[in-house]
Amino acid sequence: EVVVAVILDIIGTPDLDVTWSEDWGYPDLASWNDRYDPNLFPNRAYPIEFTFQNIGTAVIEIASVEFDGDGFNFGEAEDAFAMPPVERVEFVAFLDVEEAGQYAATMNINWNDPDEQAYAIDLEGDVAGPPAISIDPGQVEDDLFTGETSEWNITIENQGDNLLTWETEIEITA
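As a starting point, this report considers the structure included with it. (Residues numbered from 1 in each chain as written. Predicted model: local features only at pLDDT ≥ 70, side-chain atom pairs only at ≥ 80, totals over all residues. Heavy atoms only, no water.)

1. Side note on the overall build of the protein chain
Part 1: Helices and strands together make up the secondary structure of the protein chain, namely one helix and eleven strands.
Part 2: Start at the N end of the protein chain and walk to the C end: the helices and strands fall as β-β-α-β-β-β-β-β-β-β-β-β.
Part 3: C-alpha atoms of the protein chain, sized along the principal axes, occupy 120 × 30 × 25 Å.
Part 4: When burial is assessed residue by residue, the protein chain has 30% of its 174 residues classed as buried.
Part 5: For the protein chain, the share of sequence-separated contacts (at least 6 apart) that also reach a separation of at least 24 residues comes to 66%.
Part 6: Here the protein chain has roughly 12,200 Å² of accessible surface; of this, 46% comes from carbon and sulfur atoms. (Helix = DSSP H or I, 4+ residues; strand = E, 2+ residues; numbered from the N terminus. Buried < 20%, exposed > 50% of the residue type's maximum accessible area, 1.4 Å probe, protein only. Contact = heavy atoms within 4.5 Å. Areas by Shrake-Rupley, 256 points an atom, 1.4 Å probe, with all protein chains shown as cover.)

2. As for the pairing of strand β4 (residues 60–67)
Part 1: In terms of strand pairing, β4 meets strand β6 (residues 81–83) through three bridges, oriented antiparallel. Paired with I60 across the strands is M83, a residue of β6.
Part 2: Judged from the five bridges that link them, β4 and strand β8 (residues 101–111) form a sheet pairing that is antiparallel. Within the sheet, the bridge partner assigned to E66 lies in β8 and is N108. (Pairing = 2+ DSSP bridges.)

3. A word on a nonpolar patch on the surface
Part 1: On the surface, I133, I135, V140, W152, I154 and W166 cluster together into a nonpolar patch covering about 580 Å² of accessible area.
Part 2: Considering the arrangement of structural elements, one finds V140 in the loop between β10 (133–136) and β11 (155–158).
Part 3: Residue class for V140 comes out partly exposed when judged on its relative accessible area of 36%. (Patch = residues over 30% accessible without salt bridge, like charges linked within 9 Å, V, L, I, M, F, W, Y side chains within 5 Å. Salt bridge = Lys/Arg side-chain N within 4 Å of Asp/Glu carboxyl O.)

Shown next, in the form of structure tokens:
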């Protein structure tokens, strides 16, 4: 009989899980139009919140978060950070563009997992110009005596790119 002493040194591994609302496309992609129902306009930053969680047994080292397409950024978030096991970090990515158009990118999270590549999330947002109301004539005015009526045709037109909703009010002055 031979007795052999064995020493095991178990090294934990980090494991990253990233989630966001199912209403916004999780787990397939992050859709800004699903988040913002669907009107997105240029020159405004639209955030989507992501939750990064370390579901592994070792510290995750996030080296960088990069976007491989135009229009998406992470504002003033830290470029690199560490997450101990079980920790969650809220991360906000923005769609922020100056022109209407369809935008798509991949958010690549570069981290220290020994057997996986960058964690990749597809992003999309369709940005259109705002609605633009045109009213003709811009104002109606008539002097009437008791019992008289007046009829006016008013044309309301949307000359913009997005859905225009409007209401009317009538003001009668004596």
